[in-house]
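Reading the structure
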Amino acid sequence: MRFSQPVSYTRRILCVFPAYTPAFGTFAHAYRLMHNVQAFMPPQGLLLIAAYMPEHWPVRFIDENIARATGEDFAWADAVFVSGMHIQAAQIHDIARRAKAAGKVTALGGPSVSSVPEMYPDYDYLHVGELGDSTNALVRQLDATCAPPQAQVRFQTKERLGLNEFPIPAYHLVPLSRYLMCTLQFSSGCPYLCEFCDIPNLYGRQPRYKTPEQITAELDVITSQTDHPSQVYFVDDNFIGNRKAAREMLPHVVEWQKQRGYPMQFACEATLNIAKQSEILALMREAAFVGIFVGIETPEADALSAMRKDQNNSLPMMEAIKTLNEYGLEVISGIILGLDTDSDDTEQRLKDFIDLSNIPTLTINLLQALPKTPLWDRLTRSGRLNEDPSRESNVVFLRPYDEVVATWRRAISHAYEPENLFKRFVYQVDATYAKRIKPPAKGQLTKANLRRAAVLIYNVVVELGIKSDYRRVFWRAAFHALRRGRIDAVLAMGFMAYHLIQFTREALRGDQNASFYSTKEYQQRPEPIAEPAELLRQSA
């Protein structure tokens, strides 16, 4: 559904999504290997708001990870909508400045402002919480007037719109071909109370979810766009937050894939105890799920208990990872250093875990305290928060700061030393890729996919197989995959390794942050690609 109440005026809405800071998990360095790719994933939340607007309100959508909103865009708009996370705060403020300079009224929603509204005094309207009665109030306010209010107005969601009533996000407003992968939301909320996580505070502990029919309808909209990516990431906070709902939804995705010749692959995020759910894993395999992000955080059981993440202790960790691999799921692991439980042995234990788990991609971050989390509250009480912008983390560690940063540097150096990285990829070829179903070729043999594959093959051969200083280990791994008929494995390992190795080398030089959430300031930051926004601009 969308806003259904009568409106008196037509308002032009400009939705602007702020650029991300580079990170291990966004694979930005490897976009140049692919045809036309310039950004990670389309922003699900802001596209949802765009779809909810009154039917006759024109909407433009600009993702500044691809192109900056221009003066013409701001001049066109009656109101500017923005959404983002804490890591995007500087860019969020910059958009407000530009919109105000153009004389436009501004509205900010999303997880950052919903968690800490006081961070954003520069916006006219704050949308705090999820889609619901606050969204309706904002629309009514803009219908009444587009003049900036004398003082900031805060709209707080008290009655959320059920996910089963969500409109299909306005995918038609963005060129999906520019993204590495598409996004889709099935559920919201997570039942767990991990100390460092803000999800329960923002979205609740009782997961809510869409109907299976909504999911397949969204997939139809995504695949109707020419040159769409061939992978969809379920952006749920925890894919099995409601196991019964996941079991009931997955057969619909399997049937959708079979009817259309398997045009998509899927990835998601879940807790490690999904390894116990054999029925769900079997359905995921049949639906062509190929990747899963798991917040493993640390291989140390006492540390998991201290951060209230005992669900990772509910089964042997290595056994759980092996189980996921056996269902064709390549694990991407979140790892945190700087925990209160870290000791002299932590670094070696982490390196051993990296080698034994054979997980190729690990996002190894320093602990960062997010506002309004239990960790934030605890560290505030003990005077252990430090917002000095020259630091890699806002946490005052129990261990010496320089040693914690040095441990992080040695850990990523070990993880992404080319010989070590490609050894883990070789393991995945036999342990994971070989366990996936073999869907019919017709769903993947589209002109767009063939063009993407040709460009990627050429660039992987040139950049990794010829130009790189690790070409010998690359070819050794590639030939291992090719002998098993896994050209897909060659392309996947080439794409990921190119980014991971280059990002690691920049981080070791001090040119990248030690945490996705770090706000450390550098003299220079990569600018979003300057490209005419007309390429992105469409009216609803």
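Before reading on, note that the structure itself is shown above.
The element strand β2 (residues 59–63) is extensively covered by neighbouring structure, given that five of its five residues are classed as buried. Residues Val-59, Phe-61 and Asp-63 point to one face of β2 and Arg-60 and Ile-62 to the other, with burial holding for every one of them. As paired elements, strand β1 (residues 13–17) and β2 share five bridges and run parallel to each other. Each bridged residue has a counterpart across the sheet, and for Val-16 the counterpart in β2 is Ile-62. Handedness of the crossover joining β1 and β2 through helix α1 (residues 44–52) is recorded here as right-handed.

Residues Ile-457, Val-461, Ile-466, Phe-479, Leu-482 and Ile-487 make up a contiguous nonpolar surface patch of roughly 490 Å² in combined accessible area. Contributions of two or more residues to the nonpolar patch are made by α16 (447–467) and α17 (471–483). Per-element tally for the nonpolar patch: the top contributor is α16, with three residues. When you line up the elements, Leu-482 lands in helix α17. Accessibility expressed as a relative area gives 39% for Leu-482, which makes it partly exposed.

What follows deals with the pairing of strand β4 (residues 105–109). Taking burial as the measure, the five residues of β4 include five buried ones, the bulk of the element. Every second residue of β4 is oriented toward a common face, with Val-105, Ala-107 and Gly-109 on one face and Thr-106 and Leu-108 on the other, all of them buried. Alignment of strand β3 (residues 79–83) against β4, held across five bridges, turns out to be parallel. Within β4, the residue paired with Ser-83 across the bridge is Gly-109. For the crossover that starts at β3, traverses helix α3 (residues 89–101) and ends in the parallel β4, the hand is right-handed. Across two bridges, the pairing between β4 and strand β5 (residues 125–128) is parallel. Bridge assignment links Leu-108 to a residue of β5, and that residue is Leu-126.

With that settled, the discussion passes to the nonpolar core. Membership of the largest hydrophobic core comes to 148 residues, with the highest contact counts inside it found for Phe-81, Phe-234, Phe-239, Met-284, Phe-289, Leu-324 and Phe-422. Ranked by residues supplied to this core, first place goes to helix α18 (residues 487–508) with 12 residues. Setting aside anything within four residues of it in sequence, one finds Phe-239 in contact with Phe-234, Ala-246, Met-249, Leu-250, Cys-268, Glu-269, Ala-270, Met-284 and Phe-289. By size, the runner-up hydrophobic cluster in this structure holds 20 residues, among which are Ala-69, Ala-89, Ala-96 and Tyr-120.

This part takes up the sheet that holds β1. Across the sheet, which stays open at both edges, the six strands sit in the order β2-β1-β3-β4-β5-β6 with parallel pairing between neighbours. Each edge of the open sheet is held by one strand with a lone partner, namely β2 and β6 (153–156). Ignoring which end each strand starts from, the neighbouring axes of this sheet average 20 degrees apart. Where β1 lies against β3, four bridges are found, and the strand directions are parallel. The residue bridging Leu-14 from the neighbouring strand is Val-80, located in β3. Along the sheet face, α3 touches β1, β3 and β4 and points at about 175 degrees away from the line of β3.

The next subject is the environment of Arg-472. Mapped onto the elements, Arg-472 comes out in helix α17. Arg-472 gets classed as exposed once you look at its relative accessible area, which sits at 73%. For the pair Arg-472 and Ser-413, spaced 59 residues apart in sequence, the C-alpha separation works out to 19 Å.

What follows concerns the packing of aromatic side chains. This model, assessed by the stated rule, comprises 19 aromatic pairs. With a centroid separation of 6.0 Å and an interplanar angle of 35 degrees, the aromatic rings of Phe-27 and Phe-495 are classed as tilted. Here Phe-27, found in the loop between β1 and α1, pairs with Phe-495, found in helix α18; they are 468 residues apart in sequence, far enough to count as distant. By the burial criterion, Phe-27 is buried, and Phe-495 matches it. Between the aromatic rings of Phe-186 and Tyr-209, the centroid separation amounts to 6.1 Å while the plane-to-plane angle is 40 degrees, which identifies the pairing as tilted. Linking Phe-186 in the loop between β7 (182–184) and β8 (187–188) with Tyr-209 in strand β9 (residues 208–209), this pair joins segments that are 23 residues apart in sequence. Exposure remark for Phe-186: the relative accessible area of 2% places this residue in the buried category. Linked through ring pairs, Phe-186, Tyr-209, Phe-234, Phe-239, Phe-266 and Phe-289 together constitute an aromatic cluster. The ring of Trp-76 is capped by Arg-12, whose NZ or CZ atom sits 5.9 Å from the centre of that ring.

The rules behind these values
Residues numbered from 1 in each chain as written. Predicted model: local features only at pLDDT ≥ 70, side-chain atom pairs only at ≥ 80, totals over all residues. Heavy atoms only, no water. Buried < 20%, exposed > 50% of the residue type's maximum accessible area, 1.4 Å probe, protein only. Helix = DSSP H or I, 4+ residues; strand = E, 2+ residues; numbered from the N terminus. Pairing = 2+ DSSP bridges. Right-handed = clockwise from strand over helix to strand, strands pointing away. Patch = residues over 30% accessible without salt bridge, like charges linked within 9 Å, V, L, I, M, F, W, Y side chains within 5 Å. Areas by Shrake-Rupley, 256 points an atom, 1.4 Å probe, with all protein chains shown as cover. Salt bridge = Lys/Arg side-chain N within 4 Å of Asp/Glu carboxyl O. Core = buried A, V, L, I, M, F, W, Y, C linked by side-chain atoms within 4.5 Å. Contact = heavy atoms within 4.5 Å. Axes fitted to C-alpha atoms, helices over the stretch in contact; angles between N-to-C directions. Phe/Tyr/Trp six-rings, centres within 6.5 Å; stacked < 30°, edge-to-face > 60°. Lys NZ or Arg CZ within 6 Å of the ring centre and 35° of its normal.

Geometry only, nothing functional implied.
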